[in-house]
Amino acid sequence: MDAMKLLAEIDRMVATGKVVTSANDEAVADIVLATITSGTTASFYLTRAQAALVKERFWTPERIRRTGLRPISPEEAERIRVELGVRVKNFRCTPITCGCGHVYDAFDFIQQGIREHGLDVVNSVFSLKDSTFLQVNPSFVPICPVDDRRLSRTHSSDGGIEYDCDEYGGCCYQE
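Parameters at a glance
Residues numbered from 1 in each chain as written. Predicted model: local features only at pLDDT ≥ 70, side-chain atom pairs only at ≥ 80, totals over all residues. Heavy atoms only, no water. Helix = DSSP H or I, 4+ residues; strand = E, 2+ residues; numbered from the N terminus. Polar contact = N/O pair within 3.5 Å; in protein donor to acceptor, adjacent residues only side chain to side chain. Contact = heavy atoms within 4.5 Å. Patch = residues over 30% accessible without salt bridge, like charges linked within 9 Å, V, L, I, M, F, W, Y side chains within 5 Å. Areas by Shrake-Rupley, 256 points an atom, 1.4 Å probe, with all protein chains shown as cover. Salt bridge = Lys/Arg side-chain N within 4 Å of Asp/Glu carboxyl O. Buried < 20%, exposed > 50% of the residue type's maximum accessible area, 1.4 Å probe, protein only. Phe/Tyr/Trp six-rings, centres within 6.5 Å; stacked < 30°, edge-to-face > 60°.

*Asks:* Looking at this structure, I do not really get the side chain of glutamine 135. What am I missing?
*Replies:* Structurally, glutamine 135 can be placed in strand E6 (residues 131-136). Separated by 3.1 Å, the side chains of glutamine 135 and tyrosine 168 make a polar contact. When near neighbours in sequence (up to four residues on either side) are disregarded, glutamine 135 contacts Ala42, Ser43, Tyr163, Tyr168, Gly169, Gly170 and Cys171.

Okay, here's the thing in structure tokens:
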């Protein structure tokens, strides 16, 4: 894209109330990580390289162990594809155990996302080719599909739901 078209796109985006930031990958990662630790809710559209740098610094082996972040099984990915119509690749999440005993997992998370945003929006996020949509301290509140209980970190010894794949991620500061 030539510079004039790029500036016109940036101008249109800023006119909608969004901000566009340009910096080297290290600086962008620093901004995202500072936002995570501040507890502020924000969404970032990052290059794959920027997202990889943030995830490398955020998802340390200790944090993965503490939060329980884990890849979903091939069976769960297939269930999501067949029953919900969404293809997920390399999806990881931190499940939440509801007080009723139900484990709120990737299937429930994606199903709730479809209810709240629609199938086309969810599929668009999982179809990003050159960028990653990273939600920081998301305002998303999981709802147990068994008893309609609002789930939060206080309802779970698991620490709350976080999620990650190449196209999409959600990180929380839980210290």
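*Asks:* Can you help me understand a nonpolar patch on the surface in this one?
*Replies:* Judged by side-chain polarity, Met13, Val14 and Val20 come together as a nonpolar surface patch covering roughly 230 Å² of accessible area. Inspection of the secondary structure assignment puts valine 14 in helix H1 (residues 3-15).

*Asks:* Can you walk me through the environment of lysine 18 in this structure?
*Replies:* By the secondary structure assignment, lysine 18 is in the loop between H1 and helix H2 (25-38). Note on lysine 18: relative accessible area 53%, which makes it exposed. Between the C-alpha atoms of lysine 18 and tyrosine 104, which are 86 residues apart in sequence, the distance is 32 Å.

*Asks:* Help me out: how do you make sense of the pattern of salt bridges in this one?
*Replies:* If charged atoms from side chains of opposite charge come close, those side chains can pair. The final tally for this structure, using the stated rule, is 12 salt bridges. Among the salt bridges present, the one from arginine 70 reaches aspartate 105, with a minimum N-O distance of 2.3 Å. Of this pair, arginine 70 sits in strand E2 (residues 70-71) while aspartate 105 sits in the loop between strand E5 (103-104) and helix H6 (106-117), and the two are 35 residues apart along the sequence. Judged by relative accessible area, which is 11%, aspartate 105 ranks as buried. Connected through salt bridges with shared partners, the residues Glu26, Asp30 and Arg57 form a single ionic network.

*Asks:* What is the right way to read the environment of cysteine 165 from this model?
*Replies:* Mapped onto the elements of the fold, cysteine 165 is located in the loop between strand E7 (163-164) and strand E8 (168-171). Using a relative accessible area of 1% as the deciding quantity, one classes cysteine 165 as buried. Separated by 110 residues in sequence, cysteine 165 and lysine 55 have C-alpha atoms that sit 9.9 Å apart. When residues no more than four places from it in sequence are discounted, the contact partners of cysteine 165 are Lys55, Lys89, Asn90, Phe91 and Phe126.

*Asks:* Can you help me understand the packing of aromatic side chains in this one?
*Replies:* The geometry of an aromatic ring pair is captured by two quantities: the separation of the ring centres and the angle between the planes. The tally for this structure, following the rule as stated, stands at 10 aromatic pairs. For the ring pair phenylalanine 91 and phenylalanine 109, a centre distance of 6.3 Å and an interplane angle of 25 degrees mean the geometry is stacked. Taken together, the residues span a long stretch of sequence, with phenylalanine 91 in the loop between helix H5 (74-84) and strand E3 (92-93) and phenylalanine 109 in helix H6 at a distance of 18 residues. Residue class for phenylalanine 109 comes out buried when judged on its relative accessible area of 6%. Each residue in the set Tyr45, Phe91, Phe109, Phe126, Phe133, Phe140, Tyr163 and Tyr168 is aromatic and connected to the rest through ring pairs, giving one cluster.

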